[in-house]
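# Results of the structural survey
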Amino acid sequence: MSLVKLKNVKKIYQVGEVKVSALKDINLNINKGKFISFIGPSGSGKTTLLNLIGCLDKPTNGEIFINDVKVNQLGRKESAKFRGDNIGFIFQNFNLLPVLTVFENVEYPLIMVHSVPKTERKKRVLTLLEKVGMLDQKDKYPNQLSGGQKQRVAVARALVTNPKIVLADEPTANLDHKTAYRVIKTMHIMKNELGTTFIFATHDPKVVGEVETIYTLEDGLVVDKKIHNDRKGN
Amino acid sequence: MDWSLIKKSIMTGRETKMGNILKIALRNLFRYKRRTLLTASLIAIGVILVVVFGGIANSFKNKVIGILTNSNLADIQIHKKGYISSIDNLPLDLTISGEGINKIENLLKENEQIKAFSKRFRFGSAISNFVQTTNIRLTAVYPEMESQTCPDLPKRIKNSKNEPSNFVRRGELIVPINLAQGLDLKVGSDVVLVANNKDGSVNGITLRVSGISENILGPTGKDGYLHLDDARTLLRIPTSQNEVTEIAIKLNNFDKLDYVYNQLKSELMKFKTQSGKPMYEISTWKELSPFASIVRIIDLLIIVVKIVLIFIVLVSILNVMIMSVYERVSEIGTIASIGTPPGKILSLFLVEGFSLGLISSIVGSLLGIAILFLFSIIKLNFTFGRMELALSPEIQLSEVIFTSLIVIIISVVSSLQPAIKASKLEPVDALRHV
């Protein structure tokens, strides 16, 4: 059964008096527990597609179902709740809150989005920080961390609420080769352990080399789909 | 189902969220230390200004009111209807007499709020030192009643050898300092008072100066004092004819002035003339002293200073919060995308403005109180009219709390617009912001 289903999805942006078609008639089915990536040149519609799946934006036409919920009809508050319950985000620039420590950044969604009791919170945060190898840095602030460390904290934050999907937009763009590889490996391990679906939008061949399914986008259309069944267990 | 457990869990969740919101708000404030410090200092200076100005102005006001009411006006006065409008002429025919005095006295004795009252007879007279003659306004009193009603009056009388409770005895006269200097009168000097009674006939008596009174502000501030029985002799009012021009009243608690005034007024309105009109009129010190206008100006100035403070807080906090939202658009996008509801994003910024207002008002209030405390130790001495005032400024806690509340409320109100803007940002647009 599909976790993410897009039916005839179009997205048109109004730029001044010009209409720009970012996505043209996208139809997709993504199953649970997959590690997939959208690739394509800049302006092909990768980020727009990720934003629509992440309920951050609404399609101009078409329908989006996530876990059988028609998300394109949700209001602002419902969208926020749905995101909090079902989706984790990893950003290119890490987007950690600078005033919170590593521990507090990962804990944030459990307090502000969910009302998880303190002991449970602590257990979940510490477990995830250990899994991403950041437990010894838990009391540091983001400005005391390297790029790779920040992204690993962001991975932990995205996973702490046990989301069904994690969306990662260019997660390795600001990382060096070695660090990027380590972050991808971390996410792969998390996917295997927790069964979370990871969806990337990337140019990075390191990411592309790890994913099971690759969708190639060009000018707002999916022009290619490649499945690598051999990468499931990595 | 254990409802208490569920309720406890919800409450704990709320407290945790609020605690986290407060933590993030405070850390964000201290993240921009210089800006926060500057804004907080500006607001704190505004609060200090209100507290110190309010403390000094209120202290001055209360001091002068105290002098006026405790020295000659008393808190409330009762007159025959029409007396106040012709008070400058000191009319002798508008008096409270006989049965009326008894009824009013009974009324006052029954009222628990009244500490003391004094019957007075005010009139104009000529005074002569056997060489020169001039005019004098006189208040005739029973000293024991007057000293209880105006306890500071005996303190204003210099060179007197009398007990405060008997500051003017029969055959004696207290003369105001100006007149004493003009007529070269000293304690022990003999003077002659010559006055017309209400029928127009003239009479004179000789009295001995027993004290010189300091002048104070107001219509009765330069009156001389004599014993009421001497005034009756001078004005040829028979002793059996109990007659006074006013009854001055001292309250147990000055703060209940308006309450007692209204209470007495409604009682006095029951006394009617034959034509059905009110027989008496009642006035507080405010209607009898020009200082009441100065009090109104002082109150107005305090309000103006508070309004200035409101604008300082409004502009400062609005500026800081707008900057704060603008600088943190990307962060707002992040927290919105991970599911933080718009209401909580709103709370984050409101709590930030609230915290800035709270911290500033606490610091400002404490410094303001410290400055007032310093002033109260060193005392602020100055002359107002002919009155020497030594102010020891103080401010009521309720006034400080009220000022702090204004600051906090305005802080929250001025944070509202930026906070709403933050909560309404579309996450996708906010995340694109660089």
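Being a predicted model, the structure only gives us computed values, none of them experimental.

### Digging into the overall build of chain A
Counting its regular elements, chain A contains seven helices and ten strands. For 234 residues, the compact-globule formula gives about 17 Å, and the C-alpha radius of gyration of chain A, at 17 Å, lands near that figure. Dimensions of chain A, computed from the C-alpha atoms along their principal axes, are close to 50 × 40 × 40 Å. A separation threshold of at least 6 residues defines the contact pool for chain A, and within that pool the share at least 24 residues apart is 69%.

### A short note on the overall build of chain B
If you tally the helices and strands in chain B, you get 14 helices and 14 strands. Taken against the 2.2 N^0.38 rule, which gives 22 Å for 434 residues, the C-alpha radius of gyration of chain B at 32 Å runs more than 25% over that of a compact globule. Principal-axis analysis of the C-alpha atoms places the extent of chain B at approximately 100 × 50 × 35 Å. Across the 434 residues that make up chain B, the buried fraction comes to 40%. Residue pairs in contact within chain B that sit at least 24 positions apart in sequence constitute 80% of those at least 6 positions apart.

### A look at the packing of helix H3 (residues 102-112) of chain A against helix H4 (residues 118-131) of chain A
Residue and element names in this part refer to chain A. Packing of H3 against H4 brings their axes to within 10 Å, and their N-to-C directions diverge by 125°. It follows from the interaxial angle that H3 and H4 lie oblique. When the axes of H3 and H4 are compared, the crossing they make is right-handed. Where H3 abuts H4, its residues Val102, Phe103, Val106, Glu107 and Leu110 lie against Arg121, Arg124, Val125, Leu128 and Leu129. Partitioning the contact of H3 with H4 into residue classes produces seven nonpolar, no polar and three charged.

### What about the environment of Leu380 of chain B?
Looking at the secondary structure, you find Leu380 of chain B in strand E13 (residues 380-384). Residue classification places Leu380 of chain B among the partly exposed residues on the basis of 14 C-beta atoms within 10 Å.

### A closer look at the nonpolar core
Counting 105 residues, the largest nonpolar core has Val106, Val155, Ala156 and Leu167 of chain A as its most contacted members. In terms of residues, this core owes the most to one element, helix H2 (residues 33-73) of chain B, which gives eight residues. Apart from residues lying up to four places away in sequence, Val155 of chain A is in contact with Ile90, Val132, Val183, Thr186, Met187 and Met190 of chain A. In terms of nonpolar packing, the next biggest core, distinct from the first, is built from 57 residues, Phe123, Ile136, Val168 and Leu264 of chain B among them.

### Details of the interface of chain B and chain A
Taken together, the 21 residues of chain B in the interface contact 19 residues of chain A. When residues of the side of chain B that touches chain A are traced back to their parent elements, those giving at least two are helix H1 (3-31), helix H11 (329-337), helix H12 (342-378) and helix H14 (427-432) of chain B. Looking at the side of chain B that touches chain A element by element, the count peaks at eight residues for H1 of chain B. For the side of chain B that touches chain A, the class distribution of residues is seven nonpolar, nine polar and five charged.

### Points about the domain arrangement of chain B
The domain architecture assigned to chain B consists of domain 1 (18-66 + 293-432) and domain 2 (82-278). Here domain 1 of chain B and domain 2 of chain B have C-alpha centroids that lie 51 Å from each other.

### Considerations on the sheet that holds strand E10 (residues 221-227) of chain A
Residues and elements named next belong to chain A. Read from one edge of the open sheet, six strands run E6-E7-E8-E3-E9-E10, paired in mixed fashion. Taken across any chain shown, the strands that pair with only one partner, and hence form the sheet edges, are strand E6 (87-90) and E10. Pairs of neighbouring strands in the sheet enclose a mean axial angle of 20°, with direction left out of account. Here strand E3 (residues 35-39) pairs with strand E9 (residues 213-218) via four bridges, running parallel. Residue Phe38 lies in a different strand from E9, and its bridge partner there is Tyr215.

### Regarding helix H7 (residues 228-235) of chain B
In an α-helix, one full turn covers 3.6 residues, which means residues spaced three or four apart are oriented alike. All names here are of chain B. Looking only at H7, the buried set comprises Leu228, Asp230, Ala231, Leu234 and Leu235. Along the long axis of H7, the arc covered by the buried residues comes to 155°, so they all point the same way. Directly after H7, the chain includes Arg236, whose backbone phi takes a positive value near 55°.

### Considering the sheet that holds strand E4 (residues 61-66) of chain A
Sheets are built from strands paired through backbone hydrogen bonds, the pairs being either parallel or antiparallel. Residues and elements named next belong to chain A. Pairing in this open sheet of four strands is antiparallel, and the strands run E2-E1-E4-E5 from one edge to the other. Both outer strands of the open sheet, strand E2 (18-31) and strand E5 (69-70), are each paired with one neighbouring strand and no more. Two strands pair when backbone bridges link them, and strand E1 (residues 2-15) and E2 are joined in this way by ten bridges, in the antiparallel orientation. Across the sheet, the residue bridging to Val4 is Ile30, located in E2.

### Some thoughts on unusual backbone geometry
A positive phi angle is found at Asn8 of chain A, which is not glycine, with a value near 50°. Among the structural elements, Asn8 of chain A can be located in strand E1.

### Some words on helix H1 (residues 46-53) of chain A
All names here are of chain A. Within H1, eight of the eight residues are buried, which leaves it mostly tucked inside the rest of the structure. Of the residues making up H1, those classed as buried are Lys46, Thr47, Thr48, Leu49, Leu50, Asn51, Leu52 and Ile53. Where H1 ends, the next residue or the one after it, Cys55, has phi of about 60°, a positive value.

### Some words on the packing of helix H10 (residues 291-327) of chain B against H12 of chain B
Residue and element names in this part refer to chain B. Taken N-terminus to C-terminus, the directions of H10 and H12 make an angle of 140°; their axes are 11 Å apart at the nearest point. One way to sum up the angle between H10 and H12 is to call them oblique. As for the relative orientation of H10 and H12, their crossing is right-handed in sense. Judged by residue contacts, Val313, Ile317, Val320, Met321, Ser324 and Val325 of H10 engage Phe349, Glu352, Gly353, Leu356 and Gly357 from H12. Tallied by class, the residues present in the contact of H10 with H12 amount to seven nonpolar, three polar and one charged.

### Here's the deal with the pairing of strand E9 (residues 224-227) of chain B
Residues and elements named next belong to chain B. As paired strands, strand E4 (residues 133-141) and E9 are joined by four bridges and run parallel to one another. The residue bridging Ala140 from the neighbouring strand is Leu226, located in E9. Pairing between strand E6 (residues 172-176) and E9: two bridges, direction antiparallel. Looking at the pairing, Leu173 lines up with Leu226 of E9.

### So, the confidence of the model for chain B
Residue and element names in this part refer to chain B. Put simply, chain B has an average pLDDT of 89, and 94% of its residues get 70 or more. Taking the mean pLDDT of every element in chain B, the minimum, 73, falls on H1 and the maximum, 96, on strand E11 (residues 246-251). Predicted as a complex, the structure gets a pTM of 0.78 and an ipTM equal to 0.90.

### Comments concerning the environment of Ala231 of chain B
Looking at the element boundaries, Ala231 of chain B is found in helix H7. Look past the residues within four positions of Ala231 of chain B in its chain and what remains in contact with it is Phe121, Phe123, Ala140 and Leu226 of chain B.

The rules behind each value
Residues numbered from 1 in each chain as written. Chains lettered and ligands numbered in written order. Predicted model: local features only at pLDDT ≥ 70, side-chain atom pairs only at ≥ 80, totals over all residues. Helix = DSSP H or I, 4+ residues; strand = E, 2+ residues; numbered from the N terminus. Rg over C-alpha atoms; globule rule 2.2 N^0.38 Å. Contact = placed C-beta atoms within 7 Å. Buried ≥ 20, exposed ≤ 12 C-beta atoms within 10 Å, placed from the backbone. Axes fitted to C-alpha atoms, helices over the stretch in contact; angles between N-to-C directions. Parallel < 35°, antiparallel > 145°, perpendicular 65-115°, else oblique. Left-handed = near helix turned anticlockwise from the far one by under 90°. Nonpolar A, V, L, I, M, F, W, Y, C, P; charged D, E, K, R; others polar. Core = buried A, V, L, I, M, F, W, Y, C linked by C-beta atoms within 7 Å. Domains from an automatic or database assignment. Pairing = 2+ DSSP bridges. Arc of directions from axis to C-beta. pLDDT = per-residue confidence, 0-100.

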